[in-house]
Amino acid sequence: MGELDTVVLTKGVPDFREGQVSFDEDGHLERGKTPTVMNPNDKHALRAALQTRVRHGGTVSVMSMGPPGYRDVLREAMETVYADDLTLVSDREMAAADTWATAITLATAIRKRGVPDLVFAGFKTADGETGHTGPQTCWCLDMPIITHVVALDVDADEGTVRAKRLVEGDIEEVETVETSLPAFIVTDPDFEPEYRTARDRLELKSLQAETRERAAALDDDDVTVWDHAALNLDPDYIGLDGSPTIVSSVDPIPKAPAEREATMVDPQDTEAMQQVVEELTPFASTPGAAEAGGD
């Protein structure tokens, strides 16, 4: 089989640190008005794809569905982890899609580019937290799926992938499973990439330098953009119209109460610094430290 073609699915999620999450009157998140970052769990999926790229060569394509501003999310994926190319699936007909309508759209886009050897997705998103989109996309593609993956090895010649995964409901128990390619991998937050040889570590360093250069020079035209017409999708089956999920209500995210007061201390003020040391010393002491340390 030789080199491996991989696709990583990612999503933009509200940057809750900004405290500016916006919803419309129907309870739908207004993503165009909300600061957005790459979903943290998707970075584990991207690191798994990068590990595969280091070991076997090939390409890592990152794909997302969302508004035009998601170009920044794709750029973040390329800059912080890795990507050879980027695809954005976007137009107004896709807006307000639930996980099922999103999965139909993403699966269609994957077929349009050509089904890869491996599709990677994160465990769940930081906003919806359903964990549905990856498995539903896999169902549309009719691939075998391995979820909660914490480690994986690909045998490119045999066309198989072997993965260690956490057993459902037990974070301590790990099982090893194997399936044929093409396959769909959902990484667990506990996934850790492994680079066992000097050759792999050098290749990793080289690829990371390359991806940062690509991200720095990235223009809008460097991102492939497909709308529903390019994917030959009926608007009745995507976006809000194609979403069976109904949002009954949305609870605003409460802001932390500003109850703490801060006192500014000049490091040059010896007396003030001495008072700080005296106040913090009781919290710095560890029970049993004297016995363990001797003096």
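Residues numbered from 1 in each chain as written. Predicted model: local features only at pLDDT ≥ 70, side-chain atom pairs only at ≥ 80, totals over all residues. Heavy atoms only, no water.

(A) Structural view of the pattern of salt bridges. According to the stated counting rule, one finds 12 salt bridges in the structure shown. Notably, a salt bridge pairs Arg 55 with Asp 153, separated by 2.5 Å at the nearest N-O pair. One end of the pair, Arg 55, is in helix H1 (residues 42-56); the other, Asp 153, is in strand S7 (residues 145-155), and 98 residues separate them in sequence. Relative accessible area serves as the criterion here: at 17%, Arg 55 is assigned to the buried category. With a relative accessible area of 33%, Asp 153 lands in the partly exposed category. (Salt bridge = Lys/Arg side-chain N within 4 Å of Asp/Glu carboxyl O. Helix = DSSP H or I, 4+ residues; strand = E, 2+ residues; numbered from the N terminus. Buried < 20%, exposed > 50% of the residue type's maximum accessible area, 1.4 Å probe, protein only.)

(B) Looking closely at helix H3 (residues 99-113). Relative to the 21 Å expected for 15 residues at 1.5 Å per residue, H3 spans 21 Å between its end C-alpha atoms, a close match to the ideal helical length. Residues Thr 99, Ala 101, Thr 102, Ala 103, Thr 105, Leu 106, Ala 107, Thr 108, Ala 109 and Ile 110 constitute the buried set of H3. Of the surrounding secondary structure, the elements contacted by the buried residues of H3 are strand S1 (4-10), strand S4 (58-65), strand S5 (85-89), strand S6 (118-121), helix H4 (133-141) and strand S11 (223-226). Near the N-terminus of H3, the side chain that reaches the backbone nitrogen of Trp 100, with its oxygen 3.1 Å away, is that of Asp 98. Just downstream of H3, Gly 114 is the residue with a positive phi angle, here 110°. (Expected span 1.5 Å × (residues − 1). Contact = heavy atoms within 4.5 Å. Polar contact = N/O pair within 3.5 Å; in protein donor to acceptor, adjacent residues only side chain to side chain.)

(C) Quick look at the packing of aromatic side chains. The tally for this structure, following the rule as stated, stands at one aromatic pair. The ring of Trp 226 has Lys 112 lying over it, and the distance from NZ or CZ to the ring centre is 5.3 Å. (Phe/Tyr/Trp six-rings, centres within 6.5 Å; stacked < 30°, edge-to-face > 60°. Lys NZ or Arg CZ within 6 Å of the ring centre and 35° of its normal.)

(D) Molecular detail of helix H5 (residues 198-216). Compared with an ideal rise of 1.5 Å per residue, which puts 19 residues at 27 Å, H5 spans 28 Å between its outermost C-alpha atoms and is within 8% of the ideal. For H5, the full list of buried residues reads Asp 200, Leu 204, Leu 207, Thr 211 and Ala 215. Angularly, the buried residues of H5 cover 75° about the axis, an arc narrow enough to put them on a single face. More than 90 degrees from the buried face of H5, the exposed residues found are Leu 202, Lys 205, Glu 213 and Ala 216. For H5, the secondary structure elements touched by its buried residues are H1 and helix H2 (71-80). (Arc of directions from axis to C-beta.)

(E) Quick peek at the nonpolar core. Within the largest apolar cluster, 40 residues are counted, with the highest numbers of intra-cluster contacts made by Val 62, Phe 120, Leu 152 and Val 161. Element by element, the count of residues in this core is highest for H1, at six residues. Discounting chain neighbours no more than four positions away, the residues touching Val 62 are Val 8, Thr 10, Leu 46, Leu 74, Ala 77, Tyr 82, Ala 83, Asp 85, Leu 86 and Thr 87. Among the nonpolar cores identified, the runner-up in size contains 22 residues, and Met 63, Ala 107, Ala 121 and Leu 233 belong to it. (Core = buried A, V, L, I, M, F, W, Y, C linked by side-chain atoms within 4.5 Å.)

(F) Quick look at unusual backbone geometry. For the bond from Leu 181 to Pro 182, the omega torsion is 0°, close enough to zero to count as cis. Checked against the element boundaries, Pro 182 lands in the loop between strand S9 (170-180) and strand S10 (183-187). A positive phi angle, near 55°, is found at Asp 142, a position not held by glycine. By the element assignment, Asp 142 lies in the loop between H4 and S7. With phi around 55°, His 148 is a residue other than glycine that occupies positive phi space. Within the fold, His 148 resides in strand S7. A relative accessible area of 22% means that His 148 is categorised as partly exposed.

(G) Structural context of the packing of H2 against H5. Orientation of H2 relative to H5, taken along the N-to-C sense of each, is 150°, at an axis distance of 7 Å. One way to sum up the angle between H2 and H5 is to call them roughly antiparallel. From H2, Arg 75, Met 78 and Glu 79 reach across to H5, where they touch Thr 211, Arg 212, Arg 214 and Ala 215. Classifying every residue of the contact of H2 with H5 by side-chain character gives two nonpolar, one polar and four charged. (Axes fitted to C-alpha atoms, helices over the stretch in contact; angles between N-to-C directions. Parallel < 35°, antiparallel > 145°, perpendicular 65-115°, else oblique. Nonpolar A, V, L, I, M, F, W, Y, C, P; charged D, E, K, R; others polar.)

(H) Representation of the environment of Pro 189 in the model. As for its position among the elements, Pro 189 is in the loop between S10 and H5. In this structure Pro 189 comes out as partly exposed when scored by relative accessible area, which is 33%. It is 7.1 Å that separates the C-alpha atoms of Pro 189 and Phe 123, two residues lying 66 residues apart in sequence. In this view, Pro 189 contacts Asn 41, His 44 and Phe 123; residues no more than four positions away in its chain are not counted.

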